[in-house]
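What the coordinates show
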Amino acid sequence: MRKKKKQNLGGGDSGRDVTGSLTHTQPISQPAMEEVRVFPLTCAVQNYAWGKIGMDSEVARLVVGGDPVAVVEEGKPYAELWMGAHPKGDAQIKDNRIAQTTLGEWIAHFPGCLGSKVKDTFQGQLPFLFKVLSVNTALSIQAHPNRALAARLHDQFPEHYPDDNHKPEMAIALTRFQGLCGFRPVEEILGFLKTVPEFRALVGNEAAEELRCGAGDAAHASQTLKKCFTRMMNCEKKVFVDQLNMLVKRVTEEGAAGKDTASSHGDLLLRLHSQYPGDIGCFSIFFLNHMVLEPGQAMFLGANEPHAYLHGDCIECMACSDNTVRAGLTPKYIDVNTLCEMLNYSPAPAGSKIFPCVQDASDPCVSLYDPPVPDFAVMRIQVPASVKQYTVAAVDSASILLVIEGDATATSTAAHSDIPLGPGSVLFVSANESVSLHAASKSGMAMFRACCLL
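The following refers to the structure shown. Small disclaimer: the values here were computed from a predicted structure and weren't measured. (Residues numbered from 1 in each chain as written. Predicted model: local features only at pLDDT ≥ 70, side-chain atom pairs only at ≥ 80, totals over all residues. Heavy atoms only, no water.)

Digging into the packing of helix 5 (residues 186–195) against helix 7 (residues 205–213)
Worth spelling out the cut-off: Axis lines are fitted to C-alpha atoms, over the contacting stretch for helices. Their N-to-C directions set the angle, which ranges from 0 to 180 degrees. Put simply, DSSP marks the helices as runs of H or I at least four residues long and the strands as runs of E at least two long, and each gets a number from the N terminus on. Each crossing gets its handedness from the near helix: less than a right angle anticlockwise from the far helix is left-handed, clockwise is right-handed. The criterion used for residue contact is that any of the two residues' heavy atoms lie within 4.5 Å.
Relative orientation of the contacting elements helix 5 and helix 7 amounts to 145°, with a least axis distance of 10 Å. The crossing of helix 5 and helix 7 is left-handed. Here V186, I189, L190 and L193 of helix 5 come into contact with helix 7, specifically with A208, L211 and R212.

What follows is the structure, encoded as structure tokens:
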């Protein structure tokens, strides 16, 4: 994919501004550069193998919308769009009045852009990474450590756990989005142990019976759930591969005979097995809640919460970390013992895992997803077609604004030039700066904004 050159927003000796008019300006001296505190970004694309292919990917659609000269290859996966200052995908600044090439460099020169509280709390770093994900095949069964465990894992195994930070995440569906999240209610797991003999064979009769007997006692249920899950995850490979093959054969034959395979979660099982044949993670569907999020619904993945993304497009926001403990549905390094020890074994129904958003009291266009961590919050901004002038309000935090739908011209005293916006446009907005949008779309606008609300 070709990267678009910085837009000439009025800097350097002469050039064309975004309206195409010829401009003649003097080079801006270094101290004045901080005055441009709102600017567009070109963001990094990750072409992981699990991503949706070509223009089927929401990531690819947004990349092309935000950069008309970008080239999308039809046979290539477009998995993630990274909007932030992560060293593995630092966003490029599209304003040539700014000397720094990347967002990370600019924040390092002007940490005050973060807002005083954010700057002090997070040592001058942008504390979140904002993403769009387009998932075609399942991501690994995984969990993320809390800060204490992250520090220990990083100290002991830095090659697998590259930093000492926690990695809470939140996913907000853009299209219907499927995932696994948290342990099912014990009654549901007992149901599968009864109807799926291959699953019961891996857990073992003794552990399964313990789970049944202790189902009414929350503390005991948590302990026996851990025992059941750990036993399954530590099965010898030949044993679980044989049982998985038997289960897949049985479900396939039942489906061909017109029987209902829902009691074995047949459709999802066959899909995961086709993607990861012979993988122990295929059995995790009997332990973990199968989540189906409609657009706008979210799930928050705190420390030690088992989860996997299965299919669909979503907005994701996360703390800046690369610490992931995996145990299935992946060709990457797996760490079964750490995962089984760290997990939150609190069974709960799927509905309880949907993270609620709250409508902003002062702005009916804004819905706020504010998770129980300090690192990030996300706003969903839906501007109706009847509103032609809209102000993205100032907050005491740097923020990143992504346009999903609609067209507008953005103006700000901190931008000094008009900025055209459309689907895929990404703006960095410094703390305590507002942005005025002059809508040009007949169908309204849809945007997401990540920030840090301390």
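Once you've had a look at it, read on.
Things to note about the layout of surface pockets
This is how the line gets drawn: The pocket and cavity definitions rest on a 1 Å grid over protein atoms only: a 1.4 Å probe that fits but cannot leave marks a cavity, an open set with protein on both sides within 12 Å along at least five of seven lines marks a pocket, and residues lining either have an atom within 4 Å of a point. Grid points are joined across faces, edges and corners, and a volume is the space filled by probe spheres set on the points. Throughout, the ten residues Ala, Val, Leu, Ile, Met, Phe, Trp, Tyr, Cys and Pro are labelled nonpolar, Asp, Glu, Lys and Arg are labelled charged, and all others, Gly among them, are labelled polar.
Here the largest pocket defines a volume of roughly 680 Å³. Together, 32 residues line the largest pocket, and Y48, W50, E80, R326 and K332 are the ones closest to its centre. Looking at the lining of the largest pocket, the elements with two or more residues in it are strand 7 (80–83), strand 9 (128–135) and strand 15 (307–319). Take the lining of the largest pocket: its biggest share by element is five residues, from strand 15. Here the lining of the largest pocket is composed, by residue class, of 15 nonpolar, eight polar and nine charged. In this structure, the second largest pocket encloses a volume near 410 Å³.

Comments concerning the pairing of strand 9
Our working rule: Residue exposure (1.4 Å probe, protein chains only): buried if accessible area is under 20% of the type maximum, exposed if over 50%, otherwise partly exposed. We treat two strands as partners when DSSP finds at least two bridges between them.
Burial within strand 9 is extensive, with eight of its eight residues counted as buried. Bridge count between strand 7 and strand 9: four bridges; the pairing is antiparallel. If you follow E80 over to strand 9, its bridge partner there is L133. Sheet topology places strand 9 next to strand 15; eight bridges connect them, and they run antiparallel. Among the inter-strand pairings, F128 is bridged to a residue of strand 15, identified as A319.

Purely geometric numbers; function is a separate question.
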